[in-house]
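# Descriptive structure summary
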Amino acid sequence: MPDFLRAQALSGGYDGKPAIHHVTLDVEKGSLTALLGANGAGKSTLMKVIAGLLPPLSGRLLFDEREITGWEAPRLVREGIAYVPEGRAIARSLTVKENLLLGGVTRSGGENKAQLDKVLALFPELSERLASPSWQLSGGQQQMMVIGRALMSRPRLLLLDEPSLGLAPLLVKRVFDRLEELRRSGLTILLVEQNYWMTMKVADRAYFMRNGRIVGRQEAADMRAADSLDHILSVYLGKSSEAKELS
Ligand SMILES: Nc1ncnc2c1ncn2[C@@H]1O[C@H](COP(=O)(O)OP(=O)(O)OP(=O)(O)O)[C@@H](O)[C@H]1O
Ligand SMILES: [Mg+2]
């Protein structure tokens with residue numbers, strides 16, 4: 001399979017100071033690729049550079065064999081890259097439907113009508129809440145809404161930053177079930193997570209990040225093998241076996 005997204009020796013950061021260094025990473029078409037790492041490892045910074053919210057300081061980005069280095073976010077959305085930031089940024093006073101439609105600003109009215117039906121089929125719990133102000137939603141519903149909002153742009157690549165953050169275990173499972181469904185539908189996903197155990201159940205492969213650098217890559221099937229997850233986490237992330245219990 002060809003690489004769909006390719007970062008080559010990518011560096012990026014804040015005020016000209018790099019927080020990620022020479023990151024090389026490939027996301028295969030149709031795969032769910034995970035990016036794992038501890039707090040402050042640089043996961044969100046890498047996602048922001050890929051999404052065009054932070055300019056790369058050096059290196060290259062390629063998407064579907066096109067050079068996209070330095071493209072800004074709106075152009076990348078039109079090209080098919082949608083980004084769901086960490087922390088469920090919602091327009092609180094807007095209704096659920098208005099929030100969802102915000103994700104479709106690059107598309108026509110007709111396209112949005114059809115896509116809204118698809119999004120609501122994936123997240124039926126949002127159907128009954130379309131007219132509610134979004135602040136009234138539970139944390140889990142808000143997460144579904146922000147993923148749905150990103151899907152409204154009809155992406156070919158979905159960048160998801162820690163969708164399970166702060167959710168109760170049952171809701172975490174629900175979010176991951178939907179991610180699995182999206183992956184089965186053929187969408188390519190790059191997923192940042194600290195919930196290693198759940199992530200390994202749905203991912204095809206994972207990259208490990210530490211101190212702004214990629215320090216390893218593993219096939220999820222190998223990681224799911226008995227006892228290897230603990231071992232791999234300790235090798236790449238310096239985690240002890242408690243990681244499994246916590247996640
Ligand atoms: N807006 C910012 N301005 C300056 N430095 C930042 C900013 N955001 C992050 N950093 C720094 O960049 C480094 C990487 O942070 P980043 O948010 O990418 O890590 P992360 O892996 O996403 O962590 P977490 O798991 O806590 O979300 C950290 O040293 C952090 O302090
Ligand atoms: Mg982060």
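Predicted, not measured: the structure shown is a model, and the values here were computed from it. (Residues numbered from 1 in each chain as written. Chains lettered and ligands numbered in written order. Predicted model: local features only at pLDDT ≥ 70, side-chain atom pairs only at ≥ 80, totals over all residues. Heavy atoms only, no water.)

## Focus: the pairing of strand β1 (residues 3-14)
Across eight bridges, β1 lies against strand β2 (residues 17-28) in antiparallel orientation. Looking across to β2, one finds that Gly13 is bridged to Pro18. Taken together, β1 and the strand that follows it, β2, pair antiparallel across an intervening segment of two residues, in which Asp15 is found at a positive phi of about 50°. Where β1 lies against strand β4 (residues 56-63), six bridges are found, and the strand directions are antiparallel. Following the sheet pairing, Arg6 is matched in β4 by Leu62. (Pairing = 2+ DSSP bridges. Helix = DSSP H or I, 4+ residues; strand = E, 2+ residues; numbered from the N terminus.)

## With respect to the site of ligand 1
Around ligand 1, a shell composed of 13 residues is seen, among which Gly40, Lys43, Ser44, Thr45 and Glu86 lie nearest. A distance of 2.8 Å is found between an oxygen atom of ligand 1 and a backbone nitrogen or oxygen belonging to Gly40. Ser44 places a polar side-chain atom, nitrogen or oxygen, 2.8 Å from an oxygen atom of ligand 1. Protein burial of ligand 1: of its 630 Å² of free accessible surface, 59% is covered by the chains. Looking at the shell around ligand 1 element by element, the count peaks at three residues for helix α1 (residues 43-50). Counted by class, the shell around ligand 1 contains four nonpolar, six polar and three charged residues. (Near = heavy atom within 4 Å. Polar contact = N/O pair within 3.5 Å; in protein donor to acceptor, adjacent residues only side chain to side chain. Areas by Shrake-Rupley, 256 points an atom, 1.4 Å probe, with all protein chains shown as cover. Nonpolar A, V, L, I, M, F, W, Y, C, P; charged D, E, K, R; others polar.)

## So, the layout of surface pockets
A probe matching the size of a water molecule, rolled over the atoms, marks out where space remains unfilled. Looking at the largest pocket, its volume works out to about 420 Å³. The wall of the largest pocket is formed by 19 residues, among which Val77, Tyr83, Gly103, Arg149 and Ala150 lie closest to the centre. Mapped onto the lining of the largest pocket, the elements with two or more residues apiece are α2 (73-79), β6 (81-84) and α6 (139-151). The residue makeup of the lining of the largest pocket, split by class, is 15 nonpolar, three polar and one charged. When residues of the lining of the largest pocket are sorted by domain, at least three fall in each of domain 1 (3-80 + 155-246) and domain 2 (89-153). Reported here for the second largest pocket is a volume of approximately 360 Å³. (1 Å grid on protein atoms, 1.4 Å probe; cavity = no way out; pocket = protein on both sides within 12 Å on 5 of 7 lines; lining within 4 Å. Points joined across faces, edges and corners; volume = space filled by probe spheres on them. Domains from an automatic or database assignment.)

## Some points on the coordination of the magnesium ion (ligand 2)
Under perfect tetrahedral coordination by four donors, a metal shows angles of 109.5 degrees; under perfect octahedral coordination by six donors, it shows angles of 90 or 180 degrees. Coordination of the magnesium ion (ligand 2) by the protein comes from Ser44 (OG) and Glu86 (OE), over a distance range of 2.0 to 2.1 Å. With Ser44 in helix α1 and Glu86 in the loop between β6 and α3 (96-102), this pair connects stretches of sequence that are 42 residues apart. In this structure Ser44 comes out as buried when scored by relative accessible area, which is 18%. (Donors = N, O, S within 2.8 Å, 3.2 Å for Na, K, Ca; no water. Buried < 20%, exposed > 50% of the residue type's maximum accessible area, 1.4 Å probe, protein only.)

## Some thoughts on the packing of aromatic side chains
Here the structure, examined in full by the defined rule, presents one aromatic pair. Above the plane of the ring of Trp71 lies Arg75, whose end atom (NZ or CZ) is 3.5 Å from the centre. (Phe/Tyr/Trp six-rings, centres within 6.5 Å; stacked < 30°, edge-to-face > 60°. Lys NZ or Arg CZ within 6 Å of the ring centre and 35° of its normal.)

## Structural notes on the sheet that holds strand β10 (residues 213-219)
By way of backbone hydrogen bonds, the strands of a sheet pair with one another, either parallel or antiparallel. One open sheet holds the six strands; their spatial order is β6-β7-β8-β3-β9-β10, and the pairing between them is mixed. The outermost strands of the open sheet, each flanked by one partner alone, are β6 and β10. Between one strand axis and the next, the sheet turns by 15° as a mean value, whatever way the strands run. Across the face of the sheet, helix α7 (residues 169-184) comes into contact with β3 (32-37), β7 (157-161) and β8 (188-193) while running at roughly 155° to β8. (Axes fitted to C-alpha atoms, helices over the stretch in contact; angles between N-to-C directions. Contact = heavy atoms within 4.5 Å.)

## Considerations on the nonpolar core
Within the largest apolar cluster, 48 residues are counted, with the highest numbers of intra-cluster contacts made by Leu100, Ile147, Leu151, Leu158, Leu179, Leu182 and Phe208. Here this core gets six residues from one element, more than from any other, and that element is α6. Of the residues that make up this core, three or more belong to each of domain 1 (3-80 + 155-246) and domain 2 (89-153). In contact with Leu158, not counting residues within four places along its chain, are Ala82, Val84, Ile147, Ala150, Leu151, Leu182, Leu187, Thr188, Ile189 and Leu190. By size, the runner-up hydrophobic cluster in this structure holds 29 residues, among which are Leu46, Met47, Val49 and Trp71. (Core = buried A, V, L, I, M, F, W, Y, C linked by side-chain atoms within 4.5 Å.)

## Considering the domain arrangement of the protein chain
One can read the domain layout of the protein chain as domain 1 (3-80 + 155-246) and domain 2 (89-153). In this structure, domain 1 and domain 2 have C-alpha centres spaced 24 Å apart. Contacts between domain 1 and domain 2 engage 15 residues on the former and 13 residues on the latter. Taking both sides of the interface into account, the surface hidden between domain 1 and domain 2 amounts to around 1200 Å²; carbon and sulfur atoms contribute 73%. (Buried area = accessible area lost by both parts, 1.4 Å probe.)

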